[in-house]
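# An overview of the molecular structure
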Amino acid sequence: MKNDTIYKVWLAVLIIFLLSLTVWAIFYIEKPEHRITIFGIVGAIVTALTSVLSVNLNHNKVKEREIDLLIIKEKQKVFEHFYNAYFDIIKSTKKGNQQKIQSKVENELMEFKRGLMNWGSEEIIQSYLNFEENIGKPDQSTFEMLSNGNKFIKDLRKEMGFHDSKSLNILNIILTAEAREELKNN
């Protein structure tokens, strides 16, 4: 922060100096050769300044991309906990042994929530809260449960930078061909 302020002050001083030098050359220097020399000096300084600013800007953009990449990697780790829990729930539902896997699912979901607090955007946190609220309703049909899961998984993918169309049903990956056909008919 302090370096940024110093940088801005020096830039302002340099611009004032260059403007003063230009005004001085235009109004107070009478010989054209001296004016050309002063304009050449101003041009050289402006060229050097432009080069330094473009290198600095490029460096800042690279830094931002690196930070964004690190954040995406952290989000991937967090979201993996949700996927682990979600797939464990689906596997246990198919096999009919929900009690055995509940502790593991709870641990994964707690890790997901912990990570979500640090790395999740406001939108994804709200989306998870809506998903969690809807998933626990006892009168919810299988189709509604899958639709809520599909919406939340799409929101997770959006958080990672993917842009899915509304017609894409991510959960079709999980379902068998027969189950997909049965859902279409319902």
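Here the structure is shown first, and the text comes after it.
In this report, we go over the structure that sits alongside the text. Please read these numbers as outputs of a predicted model, since none were measured by experiment.

Calculation criteria
- Residues numbered from 1 in each chain as written.
- Predicted model: local features only at pLDDT ≥ 70, side-chain atom pairs only at ≥ 80, totals over all residues.
- Heavy atoms only, no water.
- Helix = DSSP H or I, 4+ residues; strand = E, 2+ residues; numbered from the N terminus.
- Rg over C-alpha atoms; globule rule 2.2 N^0.38 Å.
- Buried < 20%, exposed > 50% of the residue type's maximum accessible area, 1.4 Å probe, protein only.
- Areas by Shrake-Rupley, 256 points an atom, 1.4 Å probe, with all protein chains shown as cover.
- Core = buried A, V, L, I, M, F, W, Y, C linked by side-chain atoms within 4.5 Å.
- Contact = heavy atoms within 4.5 Å.
- Phe/Tyr/Trp six-rings, centres within 6.5 Å; stacked < 30°, edge-to-face > 60°.
- Expected span 1.5 Å × (residues − 1).
- Salt bridge = Lys/Arg side-chain N within 4 Å of Asp/Glu carboxyl O.
- Patch = residues over 30% accessible without salt bridge, like charges linked within 9 Å, V, L, I, M, F, W, Y side chains within 5 Å.

For the rest of this paragraph, the subject is the overall build of the protein chain. From N to C terminus, the protein chain includes six helices and zero strands. Start at the N end of the protein chain and walk to the C end: the helices and strands fall as α-α-α-α-α-α. What you see for the protein chain is a C-alpha radius of gyration of 30 Å, clearly larger than the 16 Å of a compact globule of 186 residues, by over 25%. Projecting the C-alpha coordinates of the protein chain onto the three principal axes gives extents of approximately 95 × 35 × 20 Å. Of all 186 residues assigned to the protein chain, the portion counted as buried reaches 24%. Of the accessible surface of the protein chain, which amounts to about 13900 Å², a share of 61% is contributed by carbon and sulfur atoms.

Turning to the nonpolar core, a few remarks are in order. Ranked by internal contacts, the top residues of the largest apolar core, which has 19 residues, are F79, F82, Y86, F112, Y128, F152 and L156. Residue contributions to this core peak at five residues, all from helix α2 (residues 32-95). Setting aside chain neighbours within four positions, we find Y128 in contact with F82, L109, F112, K113, L116 and F152. Membership of the second largest hydrophobic core comes to six residues, among which are L18, A25, I38 and V42.

Take the packing of aromatic side chains next. Under the defined criterion, the tally for this structure stands at 12 aromatic pairs. Centroid distance F82 to F112: 5.3 Å. Interplanar angle 45 degrees. Geometry classified as tilted. One end of the pair, F82, is in helix α2; the other, F112, is in helix α3 (residues 98-119), and 30 residues separate them in sequence. Accessibility classification places F82 together with F112 in one group, the buried group. Look at F131 and F152: their rings are 5.1 Å apart centre to centre, the planes differ by 15 degrees, and that puts the pair in the stacked class.

So, on to helix α1 (residues 2-28). Note on helix geometry: an α-helix contains 3.6 residues per turn, so any two residues three or four positions apart are oriented the same way. The end-to-end C-alpha distance of α1 is 38 Å, a good match for the 39 Å that 27 residues give at a rise of 1.5 Å each. All buried positions along α1 are accounted for by L18, L21 and A25.

Turning next to the pattern of salt bridges. On inspection of all chains with the given rule, the structure shows seven salt bridges. Here K75 and E159 are joined by a salt bridge, their closest N and O atoms 2.8 Å apart. Note that K75 is positioned in helix α2 and E159 in helix α5 (residues 142-159), a separation of 84 residues in sequence. Judged by its relative accessible area of 11%, K75 is buried. Under the relative-accessibility criterion, E159 is labelled buried at 14%. Between D88 and K104 there is a salt bridge whose closest N-O contact spans 3.4 Å.

Taken together, the side chains of V23, W24, I26, F27, Y28 and F39 make up a nonpolar region of the molecular surface, amounting to roughly 660 Å² of accessible area. If you tally residues by element for the nonpolar patch, the top one is α1, at five residues. Structurally, F39 is set in helix α2. According to the relative accessible area criterion, F39 is partly exposed, its value standing at 36%.

With that settled, the discussion passes to the environment of I170. As for its placement among the helices and strands, I170 is situated in the loop between α5 and α6 (177-185). By relative accessible area, which is 12% here, I170 ends up buried. Residues I170 and N150 lie 20 residues apart in sequence; the distance between their C-alpha atoms is 5.8 Å. Once residues lying within four places of it in the same chain are set aside, the contact partners of I170 are N150, I153, K154, R157 and D164.

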